[in-house]
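Close look at the chain arrangement
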Amino acid sequence: MCGIIGYIGKKEALPIIVEGLKRLEYRGYDSAGIVIIDETNTPYIVKTKGKIKDLEEKLNFKKIQGTFGVGHTRWATHGEPSDANAHPHFDCKKEIFVVHNGIIENYSRLKEQLQKEGHRFITETDTEVLPHLIEKYFKGNLEEAVRLALKKVIGAYAIAVICLKDPEKIVFARQSSPLIVGLGKGENFIASDVPAILGYTKKVIYLDDGEMGVITKDDFQIFNLDNQVVSKKSHYVQWSLSQAEKGGFDHFMLKEIMEEPGAIQNAIRGRIMLEEGMVKFGGLENVIDKLKNIDRLIITAMGTALLAGRVGEYMIEEYAQIPVEIENASEFRYKKPMLRKNDVLLAISQSGETADTLFATKEVKRKGVLTLGVINVVGSSIAREVDAGVYNHAGPEIGVAATKSFVSQLTILALLTVFLGRQKEMSLVMGRRILEELLKIPDFVKQILAKRDKIKELAEKYQNYQNFLFLGRKYNYPIAQEGALKLKEITYIHAEGYPAGEMKHGPIAMIDKNFPSVVIAPKDSVYEKMISNIQEIKARKGKIIAITTEGNIEMGQLADDVIYIPKTLEMLTPILSVVPLQLFAYYIAVLKGLDPDKPRNLAKSVTVE
Ligand code: F6R
């Protein structure tokens, strides 16, 4: 939610900031803005409603020279997307410029007070209180003014601040919204996320909550809001720049779907001990004894990650025989959960920054429960909050719709099932059987991807329907929900995902010739039940797209269209069945002329509640 980039060095700041904003655009894209300070200490501010390409158009032909500045891409919370509400925001004298990600919760009280003191406000944003507060406390030193201002602020923020009266520095701070410092030679950066600065440096410092600091072109310093210096370690980022680029694909979403075999391989790599039928997770070694005594696993997450957790529930309960509870993090954090001594919490998050998941984790940790994470972004807030965890190593996921991270999460949950199961009753034979099958999954996914033209044809055929029902049972019930979620979020077609058995309890009333159903029915333990549901839909003239196992001739006679997936263990079918559904949604979005990478109203990393 909102992307921030700041540069200070010897190079022209504008192209670096614009490029950084493009890489951060997945975080929000309803408006954007920059401020660059030139060598005469004159600020150049350009702000616009719309995407970074609109900002570029507005910047066109403007020669803005200057070697430091900040930029922002916005996902609106307070105040509609407009030129005025775009960041940076400034003080009365237009000398202090602030870009902000997060929400200032006490902004209306602060604004009222500042207005009484004579400050003039020109936007509807919560952010605008920040430059005015900083102005109020500014006595010549920007860090000190920012520090005093932040002491008055309640809420979530990552900010970057520039001041003409204390130039040649960028002051920044973090509270509950991600921010990193990038260290270069004769240049330094701040950014919401690593991809923004990957082209310039791989040496980063991850800020923690309550920390702030300052960068100049040759130096940096980090301290807390009590003005105590904090010494921080720098980290070397493993991601390459090409991973954060489209690499010849039209969209990140398609690129990331095509990367799924590799993402699964990366999740597996170095973790399988086939002979022993065991799994090794370096990140869980310190807590292995506690995990041996686990009585219950509580999985918390949001959106697609939550649906991965739901598949994990079926896997772990069936094979590891550990009770699992799934908790939507936004609800869980406000519940009064009955936690027990040997409960373990597992937070699943691609970004590692989802506010609800982070706060649910913090709350449970505070109550003394062991917390684990399955996280993709190294060094992210949740990764640092949990006691132990497993990284996905899926590489950057830029498309707003989660795709490769989902199959990676499912892979890790399958590994976790073996890991936990083998500490309990799971036999060596069963452990080996699951792992052997898991090793085949990347190739199976490749086979599905190779037939993507068939899914494109289906997208052409079905693109104009207004509603879809997605049905599945057991392991594929969460996949029905994920298929519906993908379709609605990037094509804006109404879609619902249900456990197939639930259909008769209401949704069947909607079925007619204009309401197609996508039925996930691999040859598994609930296949016959799915066939009954298909018959019920057919009896009401509903069209059926079925996903089933290769070689299943019967389905060809029942469904209007069939997508085949390779045969595998029932618990692993979701990793295969979701792929055609991701492609189906992708192709319909493209056919409708929509941008699947940037669906309306959405942002990749939901860092506000
Ligand atoms: C849907 C999607 C979202 C995310 C959710 C959690 O395609 O991307 O539903 O899955 O916002 O995000 P993370 O995994 O970053 O916590």
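For the structure, check the block above.
All of the points below concern the structure found in this document.

Definitions and limits used
- Residues numbered from 1 in each chain as written.
- Predicted model: local features only at pLDDT ≥ 70, side-chain atom pairs only at ≥ 80, totals over all residues.
- Heavy atoms only, no water.
- Helix = DSSP H or I, 4+ residues; strand = E, 2+ residues; numbered from the N terminus.
- Rg over C-alpha atoms; globule rule 2.2 N^0.38 Å.
- Buried < 20%, exposed > 50% of the residue type's maximum accessible area, 1.4 Å probe, protein only.
- Contact = heavy atoms within 4.5 Å.
- Areas by Shrake-Rupley, 256 points an atom, 1.4 Å probe, with all protein chains shown as cover.
- Lys, Arg positive; Asp, Glu negative; His and termini not counted.
- Charge placed at Lys NZ, Arg CZ, Asp CG, Glu CD.
- Phe/Tyr/Trp six-rings, centres within 6.5 Å; stacked < 30°, edge-to-face > 60°.
- Lys NZ or Arg CZ within 6 Å of the ring centre and 35° of its normal.
- Axes fitted to C-alpha atoms, helices over the stretch in contact; angles between N-to-C directions.
- Parallel < 35°, antiparallel > 145°, perpendicular 65-115°, else oblique.
- Left-handed = near helix turned anticlockwise from the far one by under 90°.
- Arc of directions from axis to C-beta.
- Core = buried A, V, L, I, M, F, W, Y, C linked by side-chain atoms within 4.5 Å.
- Domains from an automatic or database assignment.

Our next topic: the overall build of the chain. Broken down by element type, the chain carries 19 helices and 26 strands. For the chain, the C-alpha radius of gyration of 25 Å lies close to 25 Å, the compact-globule estimate for 609 residues. With the C-alpha coordinates aligned to their principal axes, the bounding extent of the chain is approximately 75 × 55 × 40 Å. The 609 residues of the chain split such that 62% are buried. Relative to all contacts within the chain whose residues are 6 or more apart in sequence, the contacts with residues 24 or more apart total 72%. Of the roughly 23,300 Å² of accessible surface on the chain, 49% is carried by carbon and sulfur atoms. One finds the centroid of the 81 positive side-chain charges in the chain at a distance of 1 Å from the centroid of its 78 negative side-chain charges.

Following the criterion strictly, the structure yields eleven aromatic pairs and no others. Taking the centre distance of 6.1 Å and the plane angle of 65° together, the rings of Phe-90 and Phe-97 count as edge-to-face. In this structure, Phe-90 and Phe-97 share a single accessibility class: buried. Pairwise contacts between aromatic rings join Tyr-462, Tyr-465, Phe-468, Phe-470 and Phe-584 into one cluster. Between Lys-94 and the ring centre of Phe-90, over which it is positioned, the NZ or CZ distance is 4.9 Å. Across from the ring centre of Tyr-492, 3.9 Å away, lies the NZ or CZ of Arg-600, which sits over that ring.

Put simply, helix H14 (residues 428-450) and helix H19 (residues 573-591) touch, their axes get as near as 10 Å, and they point 25° apart. Relative to H19, the element H14 is oriented roughly parallel. Two packed elements cross with a definite hand, and for H14 against H19 that hand is right-handed. For the pair formed by H14 and H19, the contact residues are Leu-438, Ile-441, Phe-444, Val-445, Ile-448 and Leu-449 on the first element and Ile-575, Leu-576, Val-579, Pro-580 and Leu-583 on the second.

A few words now on helix H2 (residues 52-59). Looking only at H2, the buried set comprises Ile-52, Leu-55 and Leu-59. Along H2, the residues classed as buried sweep out an arc of 55° about the axis, all on the same side. Exposed and oriented more than 90 degrees from the buried face of H2 are Lys-53 and Glu-57. Looking at the buried positions of H2, the neighbouring elements they touch are helix H1 (13-24), strand E2 (31-37), strand E3 (43-49) and strand E4 (68-74).

Grouped together as the largest cluster of nonpolar side chains are 93 residues, with contacts concentrated most on Leu-284, Phe-468 and Phe-584. Looking at which domains feed residues into this core, each of domain 2 (246-449) and domain 3 (451-595) gives three or more. Setting aside residues no more than four positions away along its own chain, Phe-584 makes contact with Ile-455, Leu-458, Ala-459, Tyr-462, Phe-468, Leu-487 and Ile-545. Counting 30 residues, the second largest nonpolar core, distinct from the first, contains Val-18, Val-46, Ala-191 and Ile-197.

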